[in-house]
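# Descriptive structure summary
Now for the letters of each chain:
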Amino acid sequence: MSEIAERKLVRSWPKLFQRFGILIACPGCQYGIAARLFCESMEELGIERRTIGIAGIGCSSAAMVLILTDWVQAAHGRACDAATAIKRVSRGRLIVFTWQGDGDALAIGTESTIHAAVRGERITVIMINNGNFGTTGGQMAPTTLIGQKTTTTPYGRDLKVEGYPFYAPEYMAAMKGVAYTARGALNTPANCQRTKDYMKRALQKQIDDVGFSYVEILSACPPDWHLTPLECQERIAKEVIPAFPLGEFKDVDRLE
Amino acid sequence: MSEKLFVIGNEAVGWGALMADCDAFFGYPITPQNEITEWFAREYPTRGKIFFQTTSETSTINMLYGGAAYGARVMTATSSPGWALMQETMSHMVNAELPAVIVLVQRGGPGQGTTRQAQMDYFTVTRGGGQGGYKNIVLCPASVQETHDLVQLAFFLADKYRNPVVVLTDAVIGVTTENLEVRRVDFGSLPAKDWAVRGLENQPDGQSRLLTCSQGYGPNLTHPTFLALLTALDKKYKMMKEAELRYETHQVEDAELVLVAYGYPSRVCHEALEMARNEGLKVGLVRLITAWPFPYQVVGERAQKGSKFLVVEDSLGQMLEDVKLGVEGKSEVCFLGTFARHLPTETGLIFPERVMEEIRRIL
């Protein structure tokens, strides 16, 4: 018992994290974990009071309830446009991040996201990849895996019909304006810790005015995957991570 | 302090924006508004202000959305196809209650249409062209000076009502060179933008702000329900309708025929009016300064007194429908539109002589 008494608090509840906000997410959704890790990242970097979040449309808008910074909710897919404008009219004084889903950032919002990356816009994109459109009921997203069944690929995503999934961190690594890209997961404590490190490094690139930074996070969607929360974690380990490899794809301190 | 220049209408947009302390211009090239975007590219960075060339009009309007959320005075200029691309976020800005100024230099349509003068976007600017049905003030300059003045008014009204404002011009007003007196127009004071999203450390009350285009979707403190949101917006539209109607009348008191026009055809009508009066024909003119709100009442009063109407509009008849709404069937409404141009090609114009012909035919 003395061991318990000697335990010390290594990380308290982040001030920015709204503990009741999680009630709006589905059971087994990992938005809450991602949001908490992001709150910790901002507080550890000491930027939380000069940071603005831009939310997308869809499940990603839950972040506006989970993270107690200033928020703007942009039109569907257009978070990077709004973020670009805020970063510029604030004359770079603010730290600006977007919080988007795969459909928002990589389907309807591709122009906005990719051009912000190509230009080297000093913003940070946090993209939650759950492999489908969550809010609308589990339709195919650009990140749906080959063979994966969704309500709009009821026979499984067919390479010949729907084509390939979108590998944003890998593609963006080739763009000159990009300072940092990474893909993390939340299926184990170690992966949570790594994902938080990615978030902090991505934000640091913006703080240091290096370039565009992007972190993709693999996340579960139990209701639309028709799996229990635990089965979702097994699927992430066995099917999703092999298709979407984890790690950092670009990390530079100065753009070419 | 004022400066006298000899410039085109499109450049007057820039000078007006500068006098209104517009902080940032976001734009995508499209004819016939390119002189506006190029003016900002040339004049804004050297003054510590922001010019940004976007990757599409969709991107443009969403950058206005972001810049407005920060509390900055932001604007863009576009032409008809670009205007169509902006509609979704025009509606979002009304929902999120964000102020911005959009200058629309109309060109011919439908489709890619022409790059020359026309007035074929009246419906989409006055009826809320995006989803959900909404209203925005529409200002219609008819000269270079008025373009400069109304751009300043547009910023004031956008901030006053927290709603986007459209300045509706056309390719003739846009490329006509006239005298311009660059001066600051004072419209009075405005409340501080305490709703703006600027980061916690910049909020005087230390409270976080949320600006969303999903007002009405979930409860928020300002508008607890969907109907509460609609009630608030409806009240705002009514306030705009009552307080912001602007128009000019010329010799309507004894007019047997009232011309109704805005933009370049209103200049044409002025000349036709002089010609008609010289011939002893009792003709008057109502020129719109706001296309929305529309002066239904003044049109209705003239109809009641027996005046006939001739709408001169370079389209197949859009504002025409508003005139008919004002007239309520009490009098005859004639129309002279794009088919009255002097040439069948895109360079065709409606000339005063043609309007005069029509006046003679009616009276």
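What you see is a predicted model, and the numbers here were worked out from it, not measured in a lab. Per chain, residue numbering runs from 1 following the sequence as it is written. A letter from A marks each chain and a number from 1 marks each ligand, given out in the order of writing. A pLDDT threshold of at least 70 governs which residues receive local features in this predicted model, and a stricter bar of 80 or more applies before side-chain atom pairs are shown or counted, although totals over entire chains, interfaces and linings include all residues.

In this section: the overall build of chain B. Each helix and strand counted, chain B has 13 helices and 15 strands in total. As defined in this context, the radius of gyration uses C-alpha atoms, and a globule is described by 2.2 Å times the residue total to the power 0.38. Relative to the compact-globule value of 21 Å for 363 residues, chain B shows a C-alpha radius of gyration of 21 Å, a close match. With the C-alpha coordinates of chain B rotated into their principal frame, the extents come out at 70 × 45 × 40 Å. Any residue whose C-beta has 12 or fewer other C-beta atoms within 10 Å is treated as exposed, any with 20 or more as buried, and any in between as partly exposed, C-beta atoms being built from the backbone. In chain B, buried positions account for 54% of the 363 residues. Within chain B, residue pairs in contact and separated by at least 24 positions form 78% of the contacts whose partners lie at least 6 positions apart. The way it works is that DSSP assigns letters per residue, a run of H or I at least four long becomes a helix, a run of E at least two long becomes a strand, and they are numbered from the N terminus. It is the C-beta atoms, placed from the backbone, that decide contacts: two residues are in contact if theirs lie within 7 Å.

With that settled, consider the overall build of chain A. When you go through chain A residue by residue, the secondary structure sums to 11 helices and nine strands. Rg of the C-alpha trace for chain A: 18 Å, near the compact-globule value of 18 Å for 256 residues, within the 12% margin. Projected onto its principal axes, the C-alpha positions of chain A cover 55 × 50 × 30 Å. Relative to its 256 residues, chain A shows a buried fraction of 55%. Partitioning the intrachain contacts of chain A with sequence separation of at least 6 by distance along the chain shows that 67% fall at a separation of at least 24.

All names here are of chain B. The nonpolar core criterion groups buried Ala, Val, Leu, Ile, Met, Phe, Trp, Tyr and Cys residues into a set whenever they are joined through C-beta atoms within 7 Å. In terms of nonpolar packing, the biggest core is built from 184 residues, with Val 101, Val 103, Leu 139, Ala 154, Leu 259 and Ala 291 touching the most fellow members. It is helix H7 (residues 144-161) that contributes the most residues to this core, nine residues altogether. A domain assignment, automatic or from a database, supplies the domain bounds used here. When residues of this core are sorted by domain, at least three fall in each of domain 1 (3-182) and domain 2 (248-362). Apart from the residues lying within four places of it in its own chain, the contact partners of Leu 259 are Cys 269, Ala 272, Leu 273, Val 283, Leu 285, Leu 310 and Val 312.

With that settled, the discussion passes to the packing of helix H4 (residues 79-89) of chain A against helix H3 (residues 57-69) of chain B. For helices, the fitted line uses only the C-alpha atoms of the stretch in contact; every axis is such a line through C-alpha atoms, and the angle between N-to-C directions lies from 0 to 180 degrees. Running from N to C, H4 of chain A and H3 of chain B point in directions that differ by 50 degrees, and their axes come no closer than 7 Å. Of the possible angle classes, the one that applies to H4 of chain A and H3 of chain B is oblique. Crossing handedness for the pair H4 of chain A and H3 of chain B: right-handed. In this structure, H4 of chain A uses Asp 81, Ala 82, Ala 83, Thr 84, Ala 85, Ile 86 and Val 89 of chain A to contact H3 of chain B, whose residues at the interface are Ser 59, Asn 62, Met 63, Tyr 65, Gly 66, Gly 67 and Ala 69 of chain B. Angles below 35 degrees are treated as roughly parallel, those above 145 as roughly antiparallel, those between 65 and 115 as roughly perpendicular, and all remaining angles as oblique. Left-handed describes a crossing whose near helix is turned anticlockwise from the far helix by less than a right angle; the clockwise case is right-handed.

Turning our attention to the interface of chain B and chain A. Counting residues at the interface gives 31 residues for chain B and 27 residues for chain A. Put simply, the parts of the chain that give the side of chain B that touches chain A at least two residues each are strand S2 (24-27), strand S3 (50-53), H3, helix H5 (87-96) and strand S9 (210-211) of chain B. Under the scheme applied here, ten amino acids are nonpolar (Ala, Val, Leu, Ile, Met, Phe, Trp, Tyr, Cys and Pro), four are charged (Asp, Glu, Lys and Arg), and all others, including Gly, are polar. The residue makeup of the side of chain B that touches chain A, split by class, is 14 nonpolar, 12 polar and five charged. With two bridges connecting them, strand S2 (residues 70-73) of chain A and S9 of chain B associate as parallel partners. Bridged to Trp 71 of chain A within S9 of chain B is Leu 210 of chain B. For two strands to count as paired, DSSP must find a minimum of two bridges between them.

Our next topic: the domain arrangement of chain B. All names here are of chain B. Along its sequence, chain B is carved into domain 1 (3-182) and domain 2 (248-362). In this assembly, 22 residues from domain 1 lie in contact with 19 residues from domain 2. Elements supplying a minimum of two residues to the side of domain 1 that touches domain 2: helix H6 (122-126), strand S6 (138-139), strand S7 (165-170) and helix H8 (171-175). Element by element, the count of residues in the side of domain 1 that touches domain 2 is highest for H6, at four residues. Here the residues of the side of domain 1 that touches domain 2 are counted per class, giving 13 nonpolar, six polar and three charged.

On a range of 0 to 100, pLDDT expresses the predictor's confidence in each residue. When pLDDT is averaged along chain B, the result is 97, and 100% of the positions lie at 70 or above. Interface confidence for the predicted complex, expressed as ipTM, amounts to 0.95; the pTM equals 0.96.

The next point concerns the sheet that holds strand S4 (residues 74-78) of chain B. Residue and element names in this part refer to chain B. Here seven strands make up an open sheet; going across it, the order is S3-S2-S4-S5-S7-S6-S13 and the pairing mixed. With partners counted over all chains shown, the strands left at the sheet margins are S3 and strand S13 (290-292), one partner each. Summarising the sheet, S6 and S13 pair through two bridges and their orientation is antiparallel. Considered in S13, the bridge of Leu 139 is made with Thr 290.

The side chains of a regular strand alternate, first on one face of the sheet and then on the other. Residues and elements named next belong to chain A. The two faces of S2 match: Asp 70 and Val 72 on one face and Trp 71 and Gln 73 on the other face are all buried. Bridge count between strand S1 (residues 51-55) and S2: four bridges; the pairing is parallel. Directly across from Ile 52, in S2, lies its bridge partner Asp 70.

Time to look at helix H11 (residues 296-304) of chain B. Residue and element names in this part refer to chain B. Among all positions of H11, only Val 299, Arg 302 and Ala 303 are buried. One side of H11 carries all its buried residues, which in axial view fall inside an arc of 105 degrees. Projecting away from the buried face of H11 at angles above 90 degrees are the exposed residues Gln 297 and Gln 304. Contacts from the buried residues of H11 go to strand S11 (257-261), strand S12 (283-288) and helix H12 (319-327). Within two residues after H11, Gly 306 carries a phi angle of roughly 95 degrees, on the positive side. Of all possible arcs, the one meant is that of the directions from the helix axis to the C-beta atoms.

Another aspect to go through is the sheet that holds strand S10 (residues 247-250) of chain B. All names here are of chain B. Strand order across the open sheet formed by five strands is S10-S12-S11-S14-S15, with mixed pairing between neighbours. Of all strands in the sheet, those with a lone pairing partner are S10 and strand S15 (333-336), marking the two edges. Ignoring which end each strand starts from, the neighbouring axes of this sheet average 20 degrees apart. Lying on the sheet, helix H13 (residues 352-362) is in contact with S11, S12, strand S14 (308-312) and S15; it crosses S14 at an angle near 160 degrees.

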